[in-house]
Amino acid sequence: MRPLNQLESVFRVCDRASPFNFVVFAQISGAISMNALQAACSNQLTRYPRLTYSIDDEQAPAGAWVPTVRQPKVEMVGGPGLQAHLNQCLNSPFECPDEPLMRVRWYKSDGEQYLMLCLNHVVADGRSGLRLFESLVSDLAAIQDGRPCTPPSDGEEPFCDSIKGPVGRIAPMGGRQFKSAQVQDRRTVVMPILFDVATTQKLVEKTRRFGVSMSGLIAACHGMSVMDASGGPGSVSMSFPVDWRGRVTGLDSDYFGVAVGNAKLLYRLGYKEDIWALTRRISGDLKRVSGSAPPRTTDIDPMVIYQSRSTAAVSNVGKVSWSGRANGISVSHLGFAVGCSYFGDHILTATTHNGQLQMTYCVVPETIPADKAQAIIADTVDALKVIAVTP
């Protein structure tokens, strides 16, 4: 048993208010079996022992990690389609302290099949979720093919002992949104958007020509769309898109976990913003803060990291180097979706895999009406497509 560290305890407060889950999803081509999928999931618990733990809110002042003997839930589903299942995954709380904070859903219809890996944000983040998804698919291919899975590396420590968390204090979370939290009022609706290879490549070429980042370009276009839909100055925050785990003392880059610092990247936009000037500004800020992770003794304030609930956020994990092809199984349309919880009312996630940009707009419809959300994401997509075709 280990008590939750300060940042984990804040995430757990949000998770009790509304499921703080995220889902890595991808289209799968190739024949797979439920037995092989279950075996591959079990194998991840051997690779990453922290996945054998759950959270007991009755232990320690703010809860603690405790072992659980239950296997992760693995299910095959059909029916209404990918978007409905993504919504359900994001809005279904984990059964703590008995259930591991990991689930797998295999969606299969007549014409397509998707694999969805659901994790709780207390145990992992987008980048670590993508690595776990890669490990899951690789083991699945090996099991299907009758080959041995790649064993865990020698000396791999239990994951729950590897992340000690920030040393500094964390400001207490409060406010009416936590006192009157109702899951049904904070459900997240997902809108996946896939760009084709040609459009993605043109966007990459434009960012290289102008010396800016794809994260900066997406954030600039999305921020302007939020402003237009709001009918006034809009704001956009950056969920930190750079993996700091390899830069922080004592954290191994192969492990899961959340390691963040006070990267205050909040932009308030007006009608006279030039899209490329804004993109250069955001890209420069990202480069600046990613180059110098703060020491672990730095005080961590999540309200600085995530700004406020009214902000639109953008989180881009960047280009995924994994090809997604492994012995009869092929992965495409790789993306991730995030439950909005109480850190924000809408977040746009992005990743690029096999030359295709996959964005996922995650929205709380009780706060951002459906027509407004559709207008925001439509304007963001249109702006990016116009940039792609403009000489």
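Reference entry: report on the structure contained in this document. (Residues numbered from 1 in each chain as written. Predicted model: local features only at pLDDT ≥ 70, side-chain atom pairs only at ≥ 80, totals over all residues. Heavy atoms only, no water.)

### Here's the deal with the overall build of the protein chain
Here's step 1: Tallying secondary structure elements over the protein chain gives 10 helices and 15 strands in all.
Here's step 2: A separation of at least 24 residues holds for 79% of the contacts in the protein chain among residues at least 6 apart in sequence.
Here's step 3: Of the roughly 16200 Å² that the protein chain leaves accessible, carbon and sulfur atoms contribute 50%. (Helix = DSSP H or I, 4+ residues; strand = E, 2+ residues; numbered from the N terminus. Contact = heavy atoms within 4.5 Å. Areas by Shrake-Rupley, 256 points an atom, 1.4 Å probe, with all protein chains shown as cover.)

### A short note on the nonpolar core
Here's step 1: In this structure, Val104, Leu115, Leu119 and Phe133 are the most contacted members of the largest nonpolar core, which totals 65 residues.
Here's step 2: In terms of residue count, helix α4 (residues 126–144) provides more of this core than any other element does, 7 residues in total.
Here's step 3: Apart from the residues lying within four places of it in its own chain, the contact partners of Leu119 are Asn21, Phe22, Leu51, Phe94, Leu101, Met102, Ala124, Gly129 and Leu132.
Here's step 4: Core analysis: the next-biggest nonpolar cluster, separate from the first, contains 40 residues, Val226, Tyr267, Leu269 and Leu357 among them. (Core = buried A, V, L, I, M, F, W, Y, C linked by side-chain atoms within 4.5 Å. Buried < 20%, exposed > 50% of the residue type's maximum accessible area, 1.4 Å probe, protein only.)

### Concerning unusual backbone geometry
Here's step 1: The amide bond that connects Cys96 to the next residue, Pro97, takes the cis arrangement and shows omega of 5 degrees.
Here's step 2: For Pro97, the location among the structural elements is in the loop between α3 (82–90) and β6 (102–108).
Here's step 3: Despite not being glycine, His333 shows a phi value in the positive range, around 55 degrees.
Here's step 4: On the secondary structure map, His333 appears in strand β13 (residues 329–338).
Here's step 5: When its relative accessible area of 21% is taken as the criterion, His333 is described as partly exposed.
Here's step 6: For Asn354, which is not glycine, the phi torsion reads 50 degrees and is therefore positive.
Here's step 7: Summarising the element assignment, Asn354 is placed in the loop between β14 (346–353) and β15 (356–363).

### Comments concerning the packing of helix α6 (residues 197–210) against helix α10 (residues 370–389)
Here's step 1: Across the interface, α6 lies against α10 with an axial gap of 8 Å and an inter-helix angle of 75 degrees. Relative to α10, the element α6 lies roughly perpendicular. Of α10, the residues touching α6 (which contributes Thr199, Lys202, Leu203 and Lys206) are Leu384, Ile387 and Ala388.
Here's step 2: In the contact of α6 with α10, the residues fall into 4 nonpolar, 1 polar and 2 charged. (Axes fitted to C-alpha atoms, helices over the stretch in contact; angles between N-to-C directions. Parallel < 35°, antiparallel > 145°, perpendicular 65-115°, else oblique. Nonpolar A, V, L, I, M, F, W, Y, C, P; charged D, E, K, R; others polar.)

### Examining the sheet that holds strand β5 (residues 73–77)
Here's step 1: Within the open sheet, the 6 strands sit side by side as β5-β6-β7-β2-β13-β12. Their pairing is mixed. Bordering the open sheet on either side are β5 and β12 (325–326), each of which pairs with just one other strand.
Here's step 2: In this structure, β12 lies alongside β13, joined through 2 bridges in antiparallel fashion. Across the sheet, residue Ala326 finds its bridge partner in β13, namely Ile329.
Here's step 3: Along the sheet, α3 makes contact with β2 (21–29), β5, β6, β7 (113–120) and β13, crossing β2 at roughly 150 degrees. (Pairing = 2+ DSSP bridges.)

### Describing the side chain of Thr200
Here's step 1: Looking at the secondary structure, you find Thr200 in helix α6.
Here's step 2: The buried category is assigned to Thr200, whose relative accessible area is 2%.
Here's step 3: If sequence neighbours within four positions are ignored, Thr200 has contacts with Phe195, Thr352, Gly355, Gln356 and Leu357.

### With respect to α10
Within an α-helix, residues lying three or four positions from one another point in the same direction, as the helix has 3.6 residues per turn.
Here's step 1: Here α10 is 20 residues long and its end C-alpha atoms lie 29 Å apart, about the 28 Å a rise of 1.5 Å per residue gives.
Here's step 2: For α10, every residue scored as buried is listed here: Ala373, Ile376, Ile377, Thr380, Val381, Leu384, Ile387 and Ala388. Viewed end-on, α10 has its buried residues packed into an arc of 125 degrees, placing them on one side of the element. Those residues of α10 that are exposed and aimed more than 90 degrees away from the buried face are Asp371, Val386 and Val389. (Expected span 1.5 Å × (residues − 1). Arc of directions from axis to C-beta.)

### Quick look at the packing of aromatic side chains
Here's step 1: Taken as a whole and assessed by the stated rule, the structure comprises 3 aromatic pairs.
Here's step 2: Taken together, a centroid distance of 5.2 Å and an interplanar angle of 85 degrees make the contact between Phe11 and Phe20 edge-to-face. Residue Phe11 shares its accessibility class with Phe20, and that shared class is buried.
Here's step 3: A cation sits over an aromatic face here: Arg103 above Phe94, 4.3 Å from the ring centre. (Phe/Tyr/Trp six-rings, centres within 6.5 Å; stacked < 30°, edge-to-face > 60°. Lys NZ or Arg CZ within 6 Å of the ring centre and 35° of its normal.)

### What to know about the sheet that holds strand β4 (residues 64–67)
Each strand in a sheet pairs with its neighbour through backbone hydrogen bonds, running either in the same direction (parallel) or in the opposite one (antiparallel).
Here's step 1: Reading across the sheet, the 3 strands line up as β1-β4-β3 and stay open at both edges, with antiparallel pairing between neighbours. On the outer flanks of this sheet lie β1 (2–3) and β3 (53–56), each paired with one strand and no other.
Here's step 2: With 2 bridges joining them, β1 and β4 adopt antiparallel strand pairing. Following the sheet pairing, Pro3 is matched in β4 by Ala64.

In short, the description is geometric, and any link to function would need to be established separately.
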